[in-house]
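Now for the letters of each chain:
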Amino acid sequence: MTTPLRAAAAASAALLLATACNSQREQDDKDAAADGACRGQQTTGITDKAIKLGGIYPLSGPASAYGTIGNGVNTYFKYVNDKGGIDGRTVEFVVRDDGYQPPKAVEEARRLVEQEKVFAVFQTLGTPSTAAVWDYLNKRNVPQPFVATGASVWGTDDKHPWTTGWQPNYVSEARVYAKYLKEEKPKAKVAVLYQNDDFGKDLLGGFKAAVDGSGIKVVAEESYEVTDPSVSAQMTSLARSKADVLLDVTTPKFGSQALAADAKNTGWDPLHIVNAVSASTSVLKPVGFKNVQGLVSATYFKDPADPQWADDAEMKTYKDALKKYAPDSDPANQFNAYGWAVASSLHKALDRMQCPTREGLRDAVRDLKDVKVDMLLPGVTLSTGSDDAFPLETMQLMRFKGERWQLFGEPVDTRKEFGSPEN
């Protein structure tokens, strides 16, 4: 784990644990326990008829574009509830806004656990926010499944068994881009724009390690803070490098700004690679589709804007459900589809619980064997183990052409191709 992440987690844990674990709350958790074969396991937030889940998203602030993920999640659960729920249980999904601020995420996690009494905190978005709350949730033995961040630590850390990732980790994603450049531009000079936190550093570090010893060189780097008003100065500086590749490691607001700056600078025309978390057309559209032609990224789930999925049964179900339960939402927005896919993944894990308890969910998300989720790309499945908390490790490259992304090449199973992100 990187030092900043450790510091953020430690500071938040100190604040939380000093106030959160009094005897009354411990007694509350003890009272909500199973009997029979699951005797003593926690049943807070789950009954024979209902499951209460919580999620923490930036509905406001610099990463608010991600807020619609919670909308996609909620739509999935409403759809499932109308079909009888999950194993007969109706799902209630409580969403909290942290504004992409770790201290606020801490507050909201406490509210979800101590006031709302959720069964699990499903989906905390962002590396800083997730790092801020995972000590607390693991101390309280509250499942934190399928966090909305690809930091490699979620899968390599062995001290937080209640937390798991979902999307492909940033180190493996970086390796996919490095592999592509080695094949297509083996002498590439790369300029990198990255967010100055563990998210940005994870992907940048993975990329540097992957190209080490090759003809590809990182010739310029510029970072930004999430509190910065823009990245125009950083883009101007990177342009002076005359690099022929720009690796864009940003969240949506800054991704749009970087794309716009790239388009405006007619004297610099690098191959622009944008990381998956900013590849939604909602990020590209404000820049103008004509200005992002040839952009490269990678994905692992079906793009609702891609006509090849027009007759796909799951895509039809998703679009019909969004129209019914969230009619003001854009079905072509990939963040909505992401939410649907990750909620469907949790459904699969809940179905596999040996006990309908927090412990049962913790164990189920660590015991997934090639589980198919219909919104994922063909060939992409969920797999975890006792020593493998990376559910998704296969990605496919895509290029923006016209008004949509187009897949190209073959899916890359990063487990088989590169091994663990720790390697």
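Details of the structure are given in the entry above.
Now for a look at the structure at hand. All values reported here derive from a predicted model rather than from experimental measurement.

## Digging into the overall build of the protein chain
In step 1: Regarding its fold elements, the protein chain presents 15 helices and 13 strands.
In step 2: Taken against the 2.2 N^0.38 rule, which gives 22 Å for 423 residues, the C-alpha radius of gyration of the protein chain at 21 Å falls within 12% of a compact globule.
In step 3: Seen through its principal axes, the protein chain has C-alpha atoms that stretch 70 × 50 × 40 Å.
In step 4: For the protein chain, contacts bridging at least 24 residues in sequence account for 70% of all contacts bridging at least 6.
In step 5: Taking the 49 positively charged and 55 negatively charged side chains of the protein chain as two groups, their mean positions are separated by 1 Å.

## Focus: the side chain of Asn 333
In step 1: Within the fold, Asn 333 resides in the loop between α12 (313–325) and α13 (334–351).
In step 2: Within the structure, the side chain of Asn 333 is placed 2.8 Å from the backbone nitrogen of Phe 335, a separation counted as a polar contact.
In step 3: The contact partners of Asn 333, leaving out residues within four places of it in the chain, are Thr 68, Ser 280, Ser 282, Pro 304 and Tyr 318.

## Concerning the nonpolar core
Burial of nonpolar side chains together is a common tendency in soluble globular proteins.
In step 1: Phe 77 and Trp 166 are the most contacted members of the largest nonpolar core, which totals 102 residues.
In step 2: The element that contributes the greatest number of residues to this core is α13, accounting for 10 residues.
In step 3: If we ignore the near neighbours within four places in the chain, the residues touching Trp 166 are Phe 146, Val 147, Tyr 300, Tyr 338, Ala 341, Val 342, Ser 345, Leu 376, Leu 382, Pro 391 and Leu 392.
In step 4: Val 94, Ala 109, Tyr 136 and Val 142 belong to the second largest nonpolar core, which has 14 residues in total.

## A short note on the state of the cysteines
In step 1: According to the stated counting rule, one finds 1 disulfide in the structure shown.
In step 2: Paired through a disulfide, Cys 38 and Cys 355 show a sulfur-sulfur distance of 2.0 Å. Its S-S torsion of about -90° marks the bond between Cys 38 and Cys 355 as left-handed, since a negative value means left-handed. With Cys 38 in the loop between α2 (23–31) and β1 (50–57) and Cys 355 in the loop between α13 and α14 (358–365), this residue pair connects regions lying 317 residues apart in the sequence. Pair check on accessibility: Cys 38 and Cys 355 agree, each one buried.

## A few points about empty space enclosed by the protein
In step 1: Summed over all chains, the structure comprises 3 cavities of 30 Å³ or more.
In step 2: Roughly 340 Å³ of volume is contained in the largest cavity.
In step 3: For the largest cavity, the lining is made up of 29 residues, of which Ala 276, Val 277, Tyr 300, Phe 335 and Tyr 338 are closest to its centre.
In step 4: Going through the elements one at a time, α7 (170–184), β8 (296–299), α13 and β11 (394–401) are the ones with two or more residues in the lining of the largest cavity.
In step 5: The biggest single contributor to the lining of the largest cavity is α13, with 3 residues.
In step 6: Of the residues that constitute the lining of the largest cavity, the class distribution is 19 nonpolar, 8 polar and 2 charged.

## Considering the sheet that holds strand β3 (residues 120–124)
Sheet strands pair by backbone hydrogen bonding; their relative direction is either parallel or antiparallel.
In step 1: With parallel pairing, the 3 strands of this open sheet are ordered in space as β2-β1-β3. Bordering the open sheet on either side are β2 (90–97) and β3, each of which pairs with just one other strand. Here the average twist between neighbouring strands, direction ignored, is 25°.
In step 2: Pairing of β1 with β3 involves 3 bridges; the strand directions are parallel. Looking across to β3, one finds that Leu 53 is bridged to Ala 120.
In step 3: Each of β1, β2 and β3 is contacted by helix α3 (residues 68–82), which is oriented at about 165° to β2, the strand it contacts most.

## Details of the packing of aromatic side chains
In step 1: For the structure on display, the rule yields 20 aromatic pairs.
In step 2: Measuring from ring centre to ring centre gives 6.5 Å for Tyr 57 and Phe 93, while their planes differ by 75°; the resulting arrangement is edge-to-face. Linking Tyr 57 in strand β1 with Phe 93 in strand β2, this pair joins segments that are 36 residues apart in sequence. Each member of the pair Tyr 57 and Phe 93 is classed as buried.
In step 3: For the pair Tyr 224 and Phe 254, a centre-to-centre distance of 4.3 Å together with 35° between the ring planes defines the contact as tilted. One end of the pair, Tyr 224, is in strand β5 (residues 217–224); the other, Phe 254, is in helix α10 (residues 252–264), and 30 residues separate them in sequence. Each of the two residues, Tyr 224 as well as Phe 254, counts as buried.

Conventions and cut-offs
- Residues numbered from 1 in each chain as written.
- Predicted model: local features only at pLDDT ≥ 70, side-chain atom pairs only at ≥ 80, totals over all residues.
- Heavy atoms only, no water.
- Helix = DSSP H or I, 4+ residues; strand = E, 2+ residues; numbered from the N terminus.
- Rg over C-alpha atoms; globule rule 2.2 N^0.38 Å.
- Contact = heavy atoms within 4.5 Å.
- Lys, Arg positive; Asp, Glu negative; His and termini not counted.
- Charge placed at Lys NZ, Arg CZ, Asp CG, Glu CD.
- Polar contact = N/O pair within 3.5 Å; in protein donor to acceptor, adjacent residues only side chain to side chain.
- Core = buried A, V, L, I, M, F, W, Y, C linked by side-chain atoms within 4.5 Å.
- Buried < 20%, exposed > 50% of the residue type's maximum accessible area, 1.4 Å probe, protein only.
- Disulfide = S-S within 2.5 Å.
- 1 Å grid on protein atoms, 1.4 Å probe; cavity = no way out; pocket = protein on both sides within 12 Å on 5 of 7 lines; lining within 4 Å.
- Points joined across faces, edges and corners; volume = space filled by probe spheres on them.
- Nonpolar A, V, L, I, M, F, W, Y, C, P; charged D, E, K, R; others polar.
- Pairing = 2+ DSSP bridges.
- Axes fitted to C-alpha atoms, helices over the stretch in contact; angles between N-to-C directions.
- Phe/Tyr/Trp six-rings, centres within 6.5 Å; stacked < 30°, edge-to-face > 60°.

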